[in-house]
Amino acid sequence: MNTLLRIAIQKSGRLQEGSLELLKESGLSFSNGKDQLKTQARNFPVEVLFLRDDDIPQYVEDKVADVGLVGENVFAEKKKKNQIVKRLDFAKCRLSIAIPRSETYGGIASLQGKNIATSYPNIVKDFLQKHNITAGIHEISGSVEIAPGIGLADAICDIVSTGSTLLGNGLKEVETVMQSEAVIIANPELGPEKQKILDKLLFRIEAVKKAKNNKYILMNCPNESIEKITTVIPGMKSPTIIPLGRPGWSSLHSVVDENDFWEKIDLLRECGAEGILVIPIEKMIV
Ligand code: ATP
Ligand code: MG
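Residues numbered from 1 in each chain as written. Chains lettered and ligands numbered in written order. Predicted model: local features only at pLDDT ≥ 70, side-chain atom pairs only at ≥ 80, totals over all residues. Heavy atoms only, no water.

Engineer: Now, about the overall build of the protein: what can you tell me, with residues and values included?
Structural biologist: For the protein, the count of helices and strands is eight helices and 15 strands. In terms of C-alpha radius of gyration, the protein reaches 24 Å, well past the compact-globule figure of 19 Å for 286 residues. C-alpha extents for the protein along the principal axes are approximately 75 × 60 × 30 Å. For the protein, long-range pairs separated by at least 24 residues make up 69% of all intrachain contacts whose partners lie at least 6 apart in sequence. Of the accessible surface of the protein, which amounts to about 15,400 Å², a share of 49% is contributed by carbon and sulfur atoms. (Helix = DSSP H or I, 4+ residues; strand = E, 2+ residues; numbered from the N terminus. Rg over C-alpha atoms; globule rule 2.2 N^0.38 Å. Contact = heavy atoms within 4.5 Å. Areas by Shrake-Rupley, 256 points an atom, 1.4 Å probe, with all protein chains shown as cover.)

Engineer: Quick one: what's the story with the pattern of salt bridges, residue by residue and with numbers?
Structural biologist: By the definition in use, this model includes 16 salt bridges. A salt bridge links lysine 38 to glutamate 47; the shortest N-O distance between them is 3.8 Å. Here lysine 38 falls in the partly exposed class, since its relative accessible area comes to 41%. (Salt bridge = Lys/Arg side-chain N within 4 Å of Asp/Glu carboxyl O. Buried < 20%, exposed > 50% of the residue type's maximum accessible area, 1.4 Å probe, protein only.)

Engineer: Outline the site of ligand 1, listing residues and values.
Structural biologist: Around ligand 1 sit 16 residues in total, of which Arg14, Arg52, Asp53, Asp54 and Asn73 are the nearest. Within the contact set of ligand 1, an oxygen atom lies 2.8 Å away from a side-chain nitrogen or oxygen of arginine 52. At 2.6 Å from an oxygen atom of ligand 1 is found a side-chain nitrogen or oxygen belonging to aspartate 54. Calculation on ligand 1 without its partners gives an accessible area of 640 Å², and the protein chains cover 76% of this total. Judged by the fraction of its atoms near the pocket grid, ligand 1 is located in the largest pocket. Looking at the shell around ligand 1, its residues break down into five nonpolar, six polar and five charged. Summarising the domain contributions, the shell around ligand 1 has at least three residues from each of domain 1 (5-90 + 182-211) and domain 2 (93-180). (Near = heavy atom within 4 Å. Polar contact = N/O pair within 3.5 Å; in protein donor to acceptor, adjacent residues only side chain to side chain. 1 Å grid on protein atoms, 1.4 Å probe; cavity = no way out; pocket = protein on both sides within 12 Å on 5 of 7 lines; lining within 4 Å. Sits in = over half its atoms within 2 Å of the grid points. Nonpolar A, V, L, I, M, F, W, Y, C, P; charged D, E, K, R; others polar. Domains from an automatic or database assignment.)

Engineer: Lay out the UniProt feature "domain: ATP phosphoribosyltransferase catalytic" (unreviewed entry) in the protein with the relevant residues and their values.
Structural biologist: Using the residue numbers shown here, the UniProt feature "domain: ATP phosphoribosyltransferase catalytic" (unreviewed entry) corresponds to residues 52-206. Overall, residues 52-206 shows 28% helix and 30% strand. The separation of its end C-alpha atoms is 25 Å. (UniProt positions renumbered as here; feature names shortened; annotations may be inferred.)

Engineer: Lay out empty space enclosed by the protein with the relevant residues and their values.
Structural biologist: Rolling a probe over the atoms, with the probe sized like a water molecule, indicates the empty space that remains. Within this structure, the stated rule accounts for one cavity of 30 Å³ or more. Approximately 30 Å³ is the volume attributed to the largest cavity. In this structure, the largest cavity is lined by Ile7, Leu23, Val67, Gly68, Leu69, Ile184 and Leu201. Tallying contributions element by element places strand β4 (residues 67-71) first for the lining of the largest cavity, with three residues. Grouping the amino acids of the lining of the largest cavity by side-chain chemistry returns six nonpolar, one polar and no charged. (Points joined across faces, edges and corners; volume = space filled by probe spheres on them.)

Engineer: Can you tell me about the coordination of the magnesium ion (ligand 2), naming the residues and giving the values?
Structural biologist: Ideal donor angles around a metal are set by the shape: a four-donor tetrahedron calls for 109.5 degrees, a six-donor octahedron for 90 or 180 degrees. Protein-derived ligands of the magnesium ion (ligand 2) are Asp53 (OD) and Asp54 (OD), with the metal-ligand distances lying across 2.0 to 2.1 Å. Residue aspartate 54 is classed as partly exposed on the basis of its relative accessible area of 29%. (Donors = N, O, S within 2.8 Å, 3.2 Å for Na, K, Ca; no water.)

Engineer: Can you break down the sheet that holds strand β7 (residues 115-118) residue by residue, with the values?
Structural biologist: Strand order in this open sheet of five strands is β8-β7-β9-β6-β10, and the pairing throughout is mixed. At either end of the open sheet lies a strand with only one pairing partner, and these are β8 (136-139) and β10 (171-180). Going from strand to strand, the sheet's axes swing by 25° on average, the running direction of each strand aside. Bridge count for strand β6 (residues 93-100) against strand β9 (residues 155-160) is five bridges, and the pairing is antiparallel. Residue pairing for β9: serine 96 is matched across the bridge by aspartate 158. (Pairing = 2+ DSSP bridges. Axes fitted to C-alpha atoms, helices over the stretch in contact; angles between N-to-C directions.)

Engineer: Residue-level account of the nonpolar core, with values.
Structural biologist: Taken as a class, soluble globular proteins show a tendency for nonpolar side chains to be buried jointly. Ranked by internal contacts, the top residues of the largest apolar core, which has 27 residues, are Leu5, Ile7, Leu28, Val46, Leu69 and Leu88. Elements with a minimum of two residues in this core: β1 (5-10), α1 (16-25), β3 (46-51), β4, β11 (182-186) and α6 (192-212). The element that contributes the greatest number of residues to this core is α6, accounting for five residues. If we skip the residues at most four places from it in the chain, leucine 88 touches Leu22, Leu69, Glu181, Ala182, Val183, Ile184 and Ile205. (Core = buried A, V, L, I, M, F, W, Y, C linked by side-chain atoms within 4.5 Å.)

Engineer: Describe in detail the sheet that holds β1, supporting the description with residues and values.
Structural biologist: The six strands are arranged β2-β3-β1-β4-β11-β5 in an open sheet whose pairing can be described as mixed. Looking at strand neighbours, the two that pair on one side only are β2 (38-40) and β5 (83-87), the edges of this open sheet. The sheet shows a mean angle of 25° between the axes of neighbouring strands, direction not considered. The pairing of β2 with β3 spans three bridges and is classified as antiparallel. The residue bridging glutamine 40 from the neighbouring strand is glutamate 47, located in β3. Helix-sheet contacts for α6 involve β1, β3, β4, β5 and β11, and the interaxial angle to β5 is about 30°.

And the structure:
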């Protein structure tokens, strides 16, 4: 039988859509994921299992799945022998401690002796230990942010992205415990065949990730500014330069990082570039 790499992703929730999209952008096609518990890619040796995110690290450790796609927060909480093999740049959030807004916060020492409600007892325990704080940890599985309001705890530790949920519950963020993003975790003993499939998939994912962080840029520029423009946007190796019908001018093509894109555009205009076009890149292999 041909070897399949089994990938566990979230059945429904915040990671589900991004996880499937990532696999599809990596060229994998599936019959129809959503209501099934498992599906096989038509064109790649991968089988996808749909599970609750909390269960994924255990399944990967037990080799029921070979790899899994989870939030780093869940990976850290479950403390399994799995390894992070790729960070994915989505589902970015942080795990923070929050207290009622009406309370004053005098630094981490004010958590001493308090009760903290959380779905992440292990992470909170390690965090408190690192800061020599002793506090009660009250594990609850959901609606953590209402715990102080109903007298269940003095503080909470939960996921924050914009902070609006905290605000809505009369809480304020006082400590960041960890930053998180979606990650791919893998069992460390995959064996050569599965490892080969994983490496192939990770290569594709990297190409998709790089493409998202870059744009293809083309412009017309006076020949005397080509050298300067090349230092502003060096491209993957060097820009492509094509002479134009207009004497003394060329068309210059390159790649620019999404993050410093606007700054570069200003510099290019100062160099005399005209007709600047910026185009999304679908895949990028360097
Ligand atoms: P499940 O039913 O699978 O157990 P869940 O309710 O535990 O799902 P979700 O709320 O779907 O989990 O969140 C899954 C992961 O998405 C979290 O562990 C975290 O890494 C990330 N996440 C959660 N909330 C946010 C947010 N507001 N912004 C960005 N990422 C988030
Ligand atoms: Mg969960």
